[in-house]
Every structure is written in C-alpha cells, then in structure tokens.
There are 2 protein chains.
Amino acid sequence: MESFYVPPDLIANGHLTIRDEEHHHITRVLRMNAGDTLRVVDGKGTAYVCRITSVSSHETVCTIDATQPLYNEPSLHVSLMFPILKNHNRIEWLVEKGTELGVAGFIPVATFRTVSNRLRIGRLRKIAAAAMKQCKRSLLPEIREETDLETLLQNEARTFDVIYIGDEERTDILRLGVGRQNLSGKRVLLLTGPEGGFTEEETALSINHGAVPVTLGRRRLRAETAALIMAANIITD
Amino acid sequence: MESFYVPPDLIANGHLTIRDEEHHHITRVLRMNAGDTLRVVDGKGTAYVCRITSVSSHETVCTIDATQPLYNEPSLHVSLMFPILKNHNRIEWLVEKGTELGVAGFIPVATFRTVSNRLRIGRLRKIAAAAMKQCKRSLLPEIREETDLETLLQNEARTFDVIYIGDEERTDILRLGVGRQNLSGKRVLLLTGPEGGFTEEETALSINHGAVPVTLGRRRLRAETAALIMAANIITD
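Residues numbered from 1 in each chain as written. Chains lettered and ligands numbered in written order. Predicted model: local features only at pLDDT ≥ 70, side-chain atom pairs only at ≥ 80, totals over all residues. Heavy atoms only, no water.

### Considerations on the packing of helix H2 (residues 88-101) of chain A against helix H6 (residues 223-234) of chain A
All names here are of chain A. For clarity, the threshold we go by: To get an axis, a line is fitted to the C-alpha atoms, and for a helix only the part in contact is used. The angle between two axes follows their N-to-C directions and goes from 0 to 180 degrees. Where helices and strands are cited, they refer to DSSP runs of H or I of at least four residues and of E of at least two residues respectively, numbered from the N terminus. Roughly parallel means an angle under 35 degrees; roughly antiparallel means over 145; roughly perpendicular covers 65 to 115; every other angle is labelled oblique. The contact definition used throughout considers only heavy atoms, calling two residues in contact when any of these lie within 4.5 Å. For this classification, Asp, Glu, Lys and Arg are treated as charged, while Ala, Val, Leu, Ile, Met, Phe, Trp, Tyr, Cys and Pro are nonpolar and the rest, including Gly, are polar.
For the pair H2 and H6, the least separation of the axes is 10 Å and the interaxial angle reads 5°. Put simply, H2 runs roughly parallel to H6. Between H2, through Arg90, Trp93, Leu94, Lys97, Gly98 and Leu101, and H6, the contact on the second element is made entirely by Glu224, Ala227, Leu228 and Ala232. When grouped by side-chain class, the residues that make up the contact of H2 with H6 number 6 nonpolar, 1 polar and 3 charged.

### Quick word on the confidence of the model for chain A
Keep this limit in mind: Confidence per residue, as judged by the predictor, is encoded in pLDDT with a range of 0 to 100.
Averaged over every residue, the pLDDT of chain A is 92; the share at 70 or more is 95%. Mean pLDDT across the elements of chain A bottoms out in strand E13 (residues 212-214) of chain A (90) and peaks in strand E9 (residues 142-143) of chain A (98).

### Details of the relation of the copies chain B and chain A
Basically, it comes down to this: Residues below a pLDDT of 70 in either copy are left out; the C-alpha atoms of the rest, at least 70 in both, set the least-squares superposition of the copies.
The transform that puts chain B on chain A rotates by 180° and translates by 0.0 Å along the axis, for an RMSD of 0.0 Å. These values place the two chain copies in the arrangement generated by a two-fold rotation axis. When C-alpha positions in chain B are compared against the rotation axis, the closest is assigned to Asn233 of chain B, at 3.4 Å. Most of the interface of chain B is mirrored in chain A, where 100% of its interface residues are also at the interface.

### Some thoughts on the pairing of strand E8 (residues 105-110) of chain A
All names here are of chain A. Here is the rule we go by: Buried, partly exposed and exposed residues are distinguished by accessible area as a fraction of the type maximum, computed with a 1.4 Å probe on protein chains only: under 20%, between the cut-offs, and over 50%, respectively. For two strands to be treated as a pair, DSSP must find no fewer than two bridges joining them. Handedness of a crossover is defined as follows: with both strands directed away from the viewer, a clockwise route from the first strand across the helix to the second makes it right-handed.
Most of E8 is tucked away, with 5 of its 6 residues classed as buried. Examined bridge by bridge, strand E7 (residues 77-83) and E8 share 5 bridges and lie parallel to one another. Residue pairing for E8: Phe82 is matched across the bridge by Pro108. As a crossover connection, the stretch from E7 through H2 into E8 is right-handed. In terms of strand pairing, E8 meets E9 through 2 bridges, oriented parallel. Following the sheet pairing, Gly105 is matched in E9 by Glu142. Taking the sense of rotation as the criterion, the β-α-β connection linking E8, helix H3 (residues 121-134) and E9 turns out right-handed. Here E8 runs beside strand E10 (residues 147-148); their pairing, made up of 2 bridges, is parallel. Following the sheet pairing, Val109 is matched in E10 by Thr147.

### Brief notes about the packing of H6 of chain A against helix H6 (residues 223-234) of chain B
To be explicit about the condition: Here a crossing is called left-handed whenever its near helix is offset anticlockwise from the far helix by less than a right angle, and right-handed whenever the offset is clockwise.
Across the interface, H6 of chain A lies against H6 of chain B with an axial gap of 10 Å and an inter-helix angle of 70°. Judged by the angle between their axes, H6 of chain A and H6 of chain B are roughly perpendicular. Classified by chirality, the crossing of H6 of chain B by H6 of chain A is right-handed. Of H6 of chain B, the residues touching H6 of chain A (which contributes Leu228, Ile229, Ala232 and Asn233 of chain A) are Leu228, Ile229, Ala232 and Asn233 of chain B. Looking at the contact of H6 of chain A with H6 of chain B, its residues break down into 6 nonpolar, 2 polar and no charged.

### Quick word on the sheet that holds strand E6 (residues 59-69) of chain A
Residue and element names in this part refer to chain A. Strand order in the open sheet formed by 6 strands is E1-E4-E5-E6-E3-E2, with mixed pairing between adjacent strands. Only two strands of the sheet have a single partner each, and these edge strands are strand E1 (3-5) and strand E2 (11-12). Sheet analysis places E2 next to strand E3 (residues 15-19), joined by 2 bridges and oriented antiparallel. Residue pairing for E3: Ile11 is matched across the bridge by Leu16.

### What about helix H5 (residues 200-208) of chain A?
All names here are of chain A. Put simply, the rule reads: Working definition: the arc comes from the directions between the helix axis and the C-beta atoms, pointing outward to the latter.
Buried within H5 are the following residues: Glu202, Thr203 and Ser206. All buried residues of H5 lie within an arc of 100° about the axis, which places them on one face of the element. Set apart from the buried face of H5 by more than 90 degrees, the exposed residues are Glu200, Glu201 and Asn208. Those residues of H5 that are buried are in contact with helix H4 (149-156), strand E11 (162-166) and strand E12 (187-191). Gly210 occupies a position one or two residues after H5 and carries a positive phi of about 100°.

As structure tokens, then:
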C-alpha cells in the first residue's frame, strides 16, 4: 500500500481530506475511487488506514478505519546536526538518506571551518517529504533554519538525553554502535564536523555541554558520510 | 599527511616512482621537494611512508622509510553486491560512500527487477580511487564487471565465509549489526535487491547458497541506501 501525506489540520472527526498533488495522484494517476483503501500519514508520526468516501474535482474525502501511532518510526528521537557544506548536492542526499534511516530532525550549523552559505531550506523540506513517503514513515523530519554551534548547544543541549560528537582525531574512544547503550525512548543529538573537523575549542565546548566523543573508525569520512553513518549506527529499529 | 596513489609495479627495492597526475600534484600544487616526507598507498592494502630523493620534470622518486600493511583497512573483507540501478548518480555515490566505509569490492548485478543498463565502469573506478585517497585507505576497491545473481552465486558463493541478504519483507529476522558475530578476518558478501526487491525465487536461491536473511529495519530503504547501510552495520573498525 502506498503512503499519502495530509497535514494534520485536514484530519478531524474520523475523516480526512486530500487535496492538491496528492489528490491528483490518487484520482488521475492511480485512478482510485470511492471504496478503495489507502494509508495516509500526517507527518507528525501517525498513519491512518482509510477508505475513500467521495471524490470531487478538487478533493478526495476519506473515512478513517484505523489509527497507527508512530507508524514505522524508530523508538528513539534523533536530531542530526550537520555542517553547512559548500556542495548542496551533498546536503540534499544527506537529508534524503537520513530521512530514510529515521532521523527526526536536521540542524544545519555554521562552524569555524564552514563557509557562510545560504541553504535552500524549502528544497530540503521537499526532499524530506518525498523520502518520508518513499520509505513509508509517518514523521516528516524537521529541517531547521541555520544556526551556529554555540547557539545550538547553549539553547538546546539540556533538552537532549544523550549527545554524541564524532571525533576523527581519536580512535581510542567508543566506536558508536558497538556495545551501544539502550537508547529506546531517548532524545539524541548527533554532532559531526565539517571538512577539517571541529576546532579543539568546538570539541571542548561540546563536551562541556555533555557531548560524548565517539569514533567512526580509522578512515576519514566526508562530512556528510560521517553524519549519515552516525545515524545509521544508533537507529536500530 | 596526504595520501598519494602509486601502482605496485612502480614500487621496488625500497624505492617508488610517482608519475603523471600525482607527480604534478606533488611538485606543482604542493611544491614539495627532495627531503619532504609523504605517504603513498599501492591500492593493494599497503601504505609507505617515504622521503622524496629526486624530482625531475616527469617523475618524483622516493625512498621508503616504513611499510604499513593493511593501513586503515577494516579487519574483514566485504564484497558489496548492488543491483544495476537506472539512476547512475545513485550508483556513483554508493561507490564513493562504500569506499569511504571500507568496502573491498563492488559487484554490479542484474536481477529480475533491474533493467539492462550499461554501467560506466571506468568512471566508477575513478570515483573509487578518489575516495580511497580522500579517506586515507590503502586498498583500492575492485569494481567488477556486471554479472547476474545466479552466476555470482554459482561461481563464488563458496568463496565467502558469510553471505547476508537484505530482506525487506520480513522484520522477524536478525537486524544486521545488533548482536553481531565477530567477523574479523572473514570474507563477507552482502546482497541487496533493486526497487521492488528480489523475487521470491532469487531470495530462495540465495538462501540455498548459504545466504542469511537480515532486516534493515521497518522503513523501506532505497536500493543504494540499503546496500550502504548493510556495509556500515558490519564494518566496525
């Protein structure tokens, strides 16, 4: 069964209304009709199994048969910080792949070794929405506005249960995912540096805010690979 | 220290000779001279720390100070089968990211649900070479010619110690990487299907040849994401 995306404000009282592109796809491309069954996700972590009750030229109305909370979502909540890279293609694939893996939020961060570079946040949000449907998730990952490392840590470090920071300089530390603790139900923030890494000051600042340094192995991963692999190593369901 | 790549036939008797692009990069871009130290990898799993002894217009000659076998290589040998995808960009990034992660060989495979599609093997080999240097590996992953699943299994299944097959239909099976066995020193083959998955016959054939089905979680990963994440979950050093 395909997944369709309907924002929560169009879901109420056991019914939901599908408009625009999704309506067009259902009625014109898939040629579905009253009585047909489909799965709708609200982008907030809930899926609905529903039946089409009426189709008009501009909307498809459905009645909800079953509600599936946290449908296909991992048991932990992962926010993935990533350095603002020069190459936007690399950011776009990180968002696509991270969404498939189950990341709940992406936080673009300026660091000492990143160059100032305006992201196309709207485009990243579209990529996340397409990937959410493709991989059958129910949560649309949040794509945050750009921030910087110090602001992120000062304002939000305390809102996470666990913070990991990838540290390519040290291999004597915990390999993420090996002997992993049970993170079920936890809010986790993952920090990875840009090309050239975090500065010593940035690493120290992160550790002061509670971040645990982890290694991702001996090889030097590109920034976007490191971010993705950190997520892959801790999202296990 | 940067890594440079020199094929094994230019390494002998405690000396090595650097030509072409690498020679140009060392002498013109980095402006290195006699006496400077650099690290050279042979693409076969060995790194050499060496000193430049002479620089001419067409080559840089070095004397080898130290030999580092299996430099930055994982302790297991992973061959990654991937389905021949329509979108070559996705194959290219799989090769780049898989090389960074430590994959030893890539095997493009036609399956029932792939379309026949000539790969640009030469281009993939260049991408692997660039990624090998970037991530400081010493082994240049082999990019194999296209084959089909049955031929691969019949000719080579017995040459591997362990074969895993990703199976998106079943979630009751082992999550790869959770409670992982010790694969150190083993030769491992990873199989993942195309969009739409392997057919039941292909999965059965693989299992008959000793493949162990594993799940990659509840979400439906794109073919290239699944392949990469399988590798990420078992290469731990």
